[in-house]
Amino acid sequence: MSATPSMEDYLERIYKLIDEKGYARVSDIAEGLEVHPSSVTKMIQKLDKDNYLVYEKYRGLDLTSKGKKMGKRLMDRHLLLETFLAMIGVRPENIYPDVEGIEHHLSWDSITRIEAMVEYYRNEPVKLEEMLRANNPLPTEG
């Protein structure tokens with residue numbers, strides 16, 4: 001079974017918390033995703049059942065190798081899209097909400113193509129400037 005967008009959000013958040021803090025608590029997950037702790041507990045149980053993590057009540061959780069792989073992939077996707085939007089000149093205050101809005105709707109094929117484009121323009125910053133100038137972005141909103 002493939003992960004739903006909601007499951008992806010949880011896995012990405014759990015992966016990031018474990019990466020940054022060494023652990024992920026229900027309260028931290030709930031705060032980061034702006035959901036109730038009871039919702040987190042239900043999703044953790046589902047992710048446990050689907051072998052993305054191992055959850056022991058009162059002892060915490062740990063990602064399985066499947067969960068770590070998926071979590072890293074999702075976090076990398078998120079960071080790539082943030083980089084891409086910043087690179088093409090999206091205003092900083094719009095980047096996070098835009099990434100949240102599109103990340104679950106792009107195929108992995110599209111993600112791979114965006115990644116190749118980001119790498120190309122990282123290595124060719126002059127070409128990036130030329131492309132941005134040639135496309136004459138619309139004036140920013142007042």
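You'll find the structure just up there.
Residues numbered from 1 in each chain as written. Predicted model: local features only at pLDDT ≥ 70, side-chain atom pairs only at ≥ 80, totals over all residues. Heavy atoms only, no water.

The next point concerns the environment of His105. As for its position among the elements, His105 is in the loop between α5 (92-102) and α6 (108-123). Its relative accessible area of 67% is what places His105 among the exposed residues. (Helix = DSSP H or I, 4+ residues; strand = E, 2+ residues; numbered from the N terminus. Buried < 20%, exposed > 50% of the residue type's maximum accessible area, 1.4 Å probe, protein only.)

Once that is clear, we can look at the pattern of salt bridges. Enumeration over the complete set of coordinates arrives at eight salt bridges. Notably, a salt bridge pairs Glu8 with Arg77, separated by 3.0 Å at the nearest N-O pair. With Glu8 in helix α1 (residues 5-21) and Arg77 in helix α4 (residues 65-87), this residue pair connects regions lying 69 residues apart in the sequence. The buried category is assigned to Glu8, whose relative accessible area is 10%. (Salt bridge = Lys/Arg side-chain N within 4 Å of Asp/Glu carboxyl O.)

At a minimum axis separation of 5 Å, α6 and helix α7 (residues 125-134) run at an interaxial angle of 110°. The pairing of α6 with α7 is recorded here as roughly perpendicular in orientation. Contacts between α6 and α7 pair Tyr120, Tyr121, Arg122 and Asn123 from the former with Pro125, Lys127, Leu128 and Met131 from the latter. Here the residues of the contact of α6 with α7 are counted per class, giving five nonpolar, one polar and two charged. (Axes fitted to C-alpha atoms, helices over the stretch in contact; angles between N-to-C directions. Parallel < 35°, antiparallel > 145°, perpendicular 65-115°, else oblique. Contact = heavy atoms within 4.5 Å. Nonpolar A, V, L, I, M, F, W, Y, C, P; charged D, E, K, R; others polar.)

A positive phi angle, close to 55°, is found at Glu34, a residue other than glycine. With respect to the helices, strands and loops of the structure, Glu34 is situated in the loop between α2 (26-33) and α3 (37-49). The exposure class of Glu34 is exposed, given its relative accessible area of 73%. At Asn51, a residue that is not glycine, the phi angle is positive and equals roughly 65°. Secondary-structure assignment places Asn51 in the loop between α3 and β1 (53-56).

A few words on α3. Here α3 is 13 residues long and its end C-alpha atoms lie 18 Å apart, about the 18 Å a rise of 1.5 Å per residue gives. Along α3, the residues that are buried comprise Val40, Met43, Ile44 and Leu47. Seen along its axis, α3 keeps its buried residues to an arc of 105°; they face one direction. Exposed residues pointing more than 90 degrees away from the buried face of α3 are listed as Lys42 and Lys49. Packing partners of the buried residues in α3 comprise α1, α2, β1 and β2 (60-63). Remark: Asn51 follows α3 within two positions and exhibits a positive phi of approximately 65°. (Expected span 1.5 Å × (residues − 1). Arc of directions from axis to C-beta.)

Right, let's get into the packing of aromatic side chains. Scanning all chains against the criterion turns up one aromatic pair. On the numbers, 5.0 Å between centres and 75° between planes, the contact of Tyr120 with Tyr121 is edge-to-face. The exposure class of Tyr120 is partly exposed, given its relative accessible area of 39%. The exposure class of Tyr121 is buried, given its relative accessible area of 15%. Sitting over the ring of Tyr52, Lys66 keeps its end group 4.4 Å from the ring centre. (Phe/Tyr/Trp six-rings, centres within 6.5 Å; stacked < 30°, edge-to-face > 60°. Lys NZ or Arg CZ within 6 Å of the ring centre and 35° of its normal.)

Note on placement: Gly32 falls in helix α2. Spatially, the C-alpha atom of Gly32 lies 9.4 Å from that of Tyr10, the residues being 22 residues apart in sequence.

Here we come to the pairing of β1. Burial of the side chains of β1 is restricted to one face: Leu53 and Tyr55 are buried, whereas none of Val54 and Glu56 on the reverse face is. Direction of pairing for β1 relative to β2: antiparallel, over a ladder of four bridges. Bridge assignment links Leu53 to a residue of β2, and that residue is Leu63. Hairpin connection of β1 to β2: three residues between the antiparallel strands, including Tyr58 at a positive phi of 70°. (Pairing = 2+ DSSP bridges.)

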